[in-house]
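A closer look at the structure
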Amino acid sequence: MEQGDQHRRRRDWSLLPPDLTALILTTLELPELLNAAAVCRAWRAAYKADPRLDAAPLFRAPCLVFHAGDDPASQTATLLSLADGGRRVHYRVSLPDPPFPTRYVMGSSHGWLATADERSDLLLVNPVTRAQVRLPPIGTLTNVTCRVRRGVLRSYRVHNINFDGFQSFKPDEGRIRFYEKVVWSSNPTSGNCIVMIIHAPKNIISFARVGDTRWSLLHVDRLTCQDYEDFFYNGEDALFYAIRSNSEVHTINLHGPFPTVKVIFKAMVLPIHDYKYIVRAPWADVLQVRWYDDFDIDDDNDARTTMIAVYKMDFVEQKIVQVKDLRGYALFLGFNISFFFLPTEDCSVIKQNRIYHADDLIDYDYTRNIYAPRPRHMVEVNLEDGSVNDVWPSPNSWSNWPPPVWLMPSFSQ
C-alpha cells in the first residue's frame, strides 16, 4: 500500500463501527452534534440510527432551557424538547461568559434568550449558535443611578419617576427586583432590532435598539404608561401591543421621531390577583389570557390553586368573549414572548386546546422583605375542562435558577 493510501485510511472516520461512532457523538454538545451529522454518510447514518443523537425534534417544537447540575461556574445550558417522543433526551450547550448559572432568564424570542448577569445588565444569547449581544447597562436607564464607593459599584438607586421617593438594591438583586419581562422585535443580529423591557417602579417601559448605548423611557403619559404586565411585537403593523393590569391595551409606535402610545382597549373591572398575557393568534385575533396560580409551600399537602381563562378582544365593540378552542394549536406561556402558538397535528406529544405554562412569577417574602424565585411549575392546562397536569414533576432541582423558559431553537445568528 502506498504512503498516500495509508494516510487517507488513517483519516477515514467513516470506517468506524456505528456503535463507536454513536459513542463519540453522544459526548458532543448540540452545535457540534448537528455539524457532525454532516461529516459523511456513515456518520449521518449513525446519527439517524441512535435516538440519543437525533436533535431534529428540537426544531419542531419548543424546548425548555434550564441549568442541570450544581456547579455555579458551569457554562452549560440544557435543552429538553417536548417533541422528542417521550425520550427526554437532554442536549447540552456551553454558552459564552458569564456562566449560565449566574444569569437570570426573563425572556425568549426568535431563538434567543434574554438574560441578566450578576450586575443586572442584560444580554441576549442564542443557545444553538452561542452568539451573544450585550444591551445597554442598567445604569443608563432614566430612573436608575449607580452608587459607587471607592471605585466599586455598591448598589443601584431606582427613582420613582411619577412620585417622590426611591428604592435601592444590590447589583445582583436587580435581576429579580427590577425587571419584569423583556421582548424584542426581530433577530438581534438583523440590524434593526428593538428591545423593550417592563421594569420597576410600577412596571413602566424602557426601550433601546441593539447597538444603542443607553435606554430610553416610554413616558408619553406618566399616569397611563405604567402597570404593564405583558407585550408582544406585531411585525405586520410594526407596533408593540402592551396590556396593563386593568386590562387596558396600548399600541406603542417607536418608528417615528418620538414614541406614540394609543389606547385601543379601555380598562375593565377585573380581579386584581391574576396575571395577564396578551397574545396574537395565528388567525389574527388578539387574545387576553388571565392566569391565577397560588402555591402554598407551607401547606402540608402542597396546596395549589390554578385558574386560567382565554378571551378574544374585540377592539371595535370594546368587549371580550371567552375562548376555549385554539383551532388546532397549543399556546406556550412564560417568560417567552407570548404569541408562541404551534400547530399540534404533526406532534403527538403536544395537544390541541392546551396551554403549556412555564412559571414566570416572582414571590415576595414579607417575613424577610425580599423577592425570591419560587419552585417552578411546568404545567399543561386543558382549556376545554380546566384540568391542570404537570409536564414535569415539580419542584425539580433545576426549577429555580435560572428560571426555565420555553424556547424555539434557531440556527439564525
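Here, the structure is the one placed above.
Okay, so let's go over this structure. (Residues numbered from 1 in each chain as written. Predicted model: local features only at pLDDT ≥ 70, side-chain atom pairs only at ≥ 80, totals over all residues. Heavy atoms only, no water.)

In terms of regular secondary structure, the protein is built from five helices and 30 strands. Sorting the 413 residues of the protein into buried and exposed places 51% on the buried side. As displayed, the protein has an accessible area near 19,400 Å², and 49% of this comes from carbon and sulfur atoms. (Helix = DSSP H or I, 4+ residues; strand = E, 2+ residues; numbered from the N terminus. Buried < 20%, exposed > 50% of the residue type's maximum accessible area, 1.4 Å probe, protein only. Areas by Shrake-Rupley, 256 points an atom, 1.4 Å probe, with all protein chains shown as cover.)

Hydrogen bonds between backbone atoms are what pair the strands of a sheet, whose relative direction is either parallel or antiparallel. Strands sit in the order 4-5-6-7 across an open sheet of four strands; the sheet is antiparallel. Here the strands that pair on one side only, and so sit at the sheet edges, are strand 4 (104-109) and strand 7 (132-134). Ignoring strand direction, the axes of neighbouring strands in this sheet form an average angle of 20 degrees. (Pairing = 2+ DSSP bridges. Axes fitted to C-alpha atoms, helices over the stretch in contact; angles between N-to-C directions.)

The buried count for strand 4 comes to six of six residues, which makes it a mostly enclosed element. Judged from the five bridges that link them, strand 4 and strand 5 (residues 112-116) form a sheet pairing that is antiparallel. Directly across from Val105, in strand 5, lies its bridge partner Thr115. Turn length for the strand 4-strand 5 hairpin, with the two strands adjacent in sequence and antiparallel, is two residues, and the turn residue His110 shows positive phi of about 55 degrees.

Attention now goes to the packing of aromatic side chains. Taken as a whole and assessed by the stated rule, the structure comprises 13 aromatic pairs. Their ring planes at 65 degrees and their centres at 4.9 Å tell us that Tyr275 and Tyr277 sit as a pair that is edge-to-face. For Tyr277, a relative accessible area of 0% gives the class buried. With a centroid separation of 5.7 Å and 50 degrees between ring planes, the pair formed by Phe332 and Phe340 is classed as tilted. For the pair formed by Phe332 and Phe340, the shared burial category is buried. Each member of the aromatic cluster is reached from another via a ring pair, and the members are Tyr156, Phe169, Phe178 and Tyr179. One Lys or Arg, Arg157, reaches over the ring of Phe166 and ends 3.8 Å from the middle of that ring. A cation over an aromatic ring shows up here: Arg290 above the ring of Tyr311, its NZ or CZ 4.4 Å from the ring centre. (Phe/Tyr/Trp six-rings, centres within 6.5 Å; stacked < 30°, edge-to-face > 60°. Lys NZ or Arg CZ within 6 Å of the ring centre and 35° of its normal.)

The sheet built from four strands is open, its strands ordered 3-2-1-30 with antiparallel pairing. A strand with exactly one partner marks an edge of an open sheet, and here the two such strands are strand 3 (90-94) and strand 30 (405-407). Strand-to-strand twist of the sheet, defined as the mean angle between neighbouring strand axes without regard to direction, takes the value 35 degrees. Two elements, strand 1 (residues 63-66) and strand 2 (residues 76-81), share four bridges in a ladder whose sense is antiparallel. Note that in strand 2 the partner of Val65 across the bridge is Leu79.

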